[in-house]
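In case you want the letters, here they are:
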Amino acid sequence: MSDSDAIDAVGEDGDTDRRGRPVPTGVPLLELRKLSKHFGAVEALTEVDLQVHAGVVTALVGDNGAGKSVTLKTIAGIHPPDGGLILWEGRPVHIRAPKDAASLGIETVYQDLALCNNLDIVQNMFLGRERSRGIFMDEDSMETAAVETLKSLRTTTVKSVRQTVASLSGGQRQAVAVAKAVMWNSKLVIMDEPTAALGVAQTAMVLAMTRRLAERGLAVIFVSHNFNDVFEVADQIAVLYLGRLVASIPAAHLDRQMVVDLVTTGTTTRAIATSTNQIGA
Ligand SMILES: Nc1ncnc2c1ncn2[C@@H]1O[C@H](COP(=O)(O)OP(=O)(O)OP(=O)(O)O)[C@@H](O)[C@H]1O
Ligand SMILES: [Mg+2]
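Residues numbered from 1 in each chain as written. Chains lettered and ligands numbered in written order. Predicted model: local features only at pLDDT ≥ 70, side-chain atom pairs only at ≥ 80, totals over all residues.

### Observations concerning the overall build of the chain
Part 1 of the reasoning: In terms of regular secondary structure, the chain is built from 8 helices and 13 strands.
Part 2 of the reasoning: Considering the chain as a whole, with its 281 residues, one finds that 46% of them fall into the buried category.
Part 3 of the reasoning: For the chain, the proportion of contacts with a sequence separation of at least 24, taken over those separated by at least 6, is 66%. (Helix = DSSP H or I, 4+ residues; strand = E, 2+ residues; numbered from the N terminus. Buried ≥ 20, exposed ≤ 12 C-beta atoms within 10 Å, placed from the backbone. Contact = placed C-beta atoms within 7 Å.)

Right under this line is the structure:
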């Protein structure tokens, strides 16, 4: 299957998402064009085309080894691509290192790795970007900003922003990592399997927080193997199959069986719920 056969239904005129909002049709915040990446003989990504819009949660799904993490790491500056283009707000950019991604406003939230266990929540949220007043750190203003940002996400159950991250649950860590992204005015938040290790209540909290990011106008890329989570949170579902992007479709136009078909075979014979969407030959 060539990339032109991919099922692509982003932003057809008149499309609405599952919440009845128009699907964005403007310039994507992030666009991957024919992005390729190999590791020796392994073709991890082959000519991946993907558009990610502000205010939209894009779920990236695919089987083990399909290329989801490599895609994220390419956007995050960990694995520079071998071929293709990355466009940011319509302009080609080179993301060669994590700091390039950060300076564009891309924040990646990993399950455990993003935070320093031995530091407290405030220290984590300001790590490397501490506020000072004269020769002293401005602890009060940092603490206030941390508390306000966490409150604004209306999800956190942390008792004190002065507790160390080591003492937090997985869901609370996610909340802190996401709050950090919000506080630093990120435009794109990337979440790789954010709910994989979480219980029911914490998963619900992370999903609610993810929706809130999109409502604030951020773009979110959400990788998950859990289709319940995907259908609950995603506006757009993009499917990778053996390193190729085989579909990018509003979630409202898909059902679970179609996503299972796309993930396991790279195509689906079921009709997609709109006349504007095409299945690749
Ligand atoms: N650093 C690396 N060196 C060599 N091969 C790699 C490396 N990272 C990924 N790969 C290969 O690239 C392919 C895609 O891997 P990737 O980690 O993106 O899969 P994934 O879709 O995230 O899978 P999972 O659902 O298991 O996390 C796999 O074949 C993997 O073995
Ligand atoms: Mg992965």
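### Considerations on the pairing of strand 12 (residues 236–241)
Part 1 of the reasoning: Most of strand 12 sits inside the fold, with 6 of its 6 residues counted as buried.
Part 2 of the reasoning: Burial along strand 12 is two-sided: the residues Gln236, Ala238 and Leu240 and Ile237, Val239 and Tyr241 are all buried.
Part 3 of the reasoning: In this structure, strand 4 (residues 57–61) lies alongside strand 12, joined through 4 bridges in parallel fashion. Opposite Leu60, over in strand 12, you have Ala238 as the bridge partner.
Part 4 of the reasoning: In this sheet, strand 13 (residues 244–250) lies alongside strand 12 in antiparallel orientation, the contact comprising 6 bridges. Residue pairing in the sheet places Ala238 in a bridge with Ser248 of strand 13.
Part 5 of the reasoning: Remark: 2 residues form the turn of the hairpin made by strand 12 and strand 13, two consecutive strands paired antiparallel; Leu242 in that turn has positive phi of roughly 50°. (Pairing = 2+ DSSP bridges.)

### Some details on the site of ligand 1
Part 1 of the reasoning: Taken together, the residues surrounding ligand 1 are Phe39, Val42, Ala44, Gly62, Asn64, Gly65, Ala66, Gly67, Lys68, Ser69 and Val70.
Part 2 of the reasoning: Within the shell around ligand 1, the residues separate by chemical class into 5 nonpolar, 5 polar and 1 charged. (Near = placed C-beta within 6 Å. Nonpolar A, V, L, I, M, F, W, Y, C, P; charged D, E, K, R; others polar.)

### Considerations on the nonpolar core
Part 1 of the reasoning: Within the largest apolar cluster, 79 residues are counted, with the highest numbers of intra-cluster contacts made by Ala59, Val178, Val189, Ile190, Val220, Ile237 and Val239.
Part 2 of the reasoning: Per element, the largest residue contribution to this core is 7 residues, and it comes from helix 5 (residues 170–183).
Part 3 of the reasoning: When residues of this core are sorted by domain, at least three fall in each of domain 1 (1–105 + 187–281) and domain 2 (116–185).
Part 4 of the reasoning: Among all residues touching Val178, those that are not within four sequence positions of it are Val109, Leu153, Val189, Met209 and Leu213. (Core = buried A, V, L, I, M, F, W, Y, C linked by C-beta atoms within 7 Å. Domains from an automatic or database assignment.)

### Focus: unusual backbone geometry
Part 1 of the reasoning: Residues other than glycine seldom take positive phi values, yet Glu193 does so here, at roughly 50°.
Part 2 of the reasoning: Inspection of the secondary structure assignment puts Glu193 in the loop between strand 10 (188–192) and helix 6 (200–215).
Part 3 of the reasoning: By C-beta crowding, Glu193 is classed as partly exposed, having 17 other C-beta atoms within 10 Å.
Part 4 of the reasoning: Positive phi values are uncommon outside glycine, yet Leu242 reaches one of about 50°.
Part 5 of the reasoning: Here Leu242 is to be found in the loop between strand 12 and strand 13.

### A closer look at helix 4 (residues 139–152)
Part 1 of the reasoning: For helix 4, built from 14 residues, the straight-helix expectation of 20 Å at 1.5 Å per residue is met to within 8% by its first-to-last C-alpha distance of 20 Å.
Part 2 of the reasoning: Those residues of helix 4 not exposed but buried are Met142, Ala146, Thr149 and Leu150. Looking down the long axis of helix 4, one finds its buried residues gathered within 95° of arc, a one-sided arrangement. In this structure, helix 4 carries Asp140, Glu148 and Lys151 as exposed residues pointing more than 90 degrees from its buried face.
Part 3 of the reasoning: Check the buried side of helix 4 and you find it contacts helix 3 (121–125) and helix 5.
Part 4 of the reasoning: Of the residues flanking the end of helix 4, it is Arg154, one or two places downstream, whose phi is positive at about 50°. (Expected span 1.5 Å × (residues − 1). Arc of directions from axis to C-beta.)

### A closer look at the environment of Glu139
Part 1 of the reasoning: Mapped onto the fold, Glu139 is located in helix 4.
Part 2 of the reasoning: Distance from Glu139 to Val122, taken between C-alpha atoms, is 8.6 Å for residues 17 residues apart in sequence.

### Quick word on the sheet that holds strand 3 (residues 42–52)
Part 1 of the reasoning: On the basis of which strands lie adjacent, the open sheet formed by 4 strands has the order 3-2-5-6 and antiparallel pairing. At either margin of the open sheet sits one strand with a lone partner, and together these are strand 3 and strand 6 (91–93). Adjacent strand axes in the sheet meet at a mean angle of 35° when their direction is disregarded.
Part 2 of the reasoning: Bridge analysis of strand 5 (residues 83–88) against strand 6 gives 3 bridges, and the strand direction is antiparallel. (Axes fitted to C-alpha atoms, helices over the stretch in contact; angles between N-to-C directions.)

### Notes on the confidence of the model for the chain
Part 1 of the reasoning: Averaged over every residue, the pLDDT of the chain is 85; the share at 70 or more is 85%.
Part 2 of the reasoning: Note that residues 275–281 has pLDDT below 50 and, in this model, 19 contacts with residues that lie over four places away or in other chains. (pLDDT = per-residue confidence, 0-100.)

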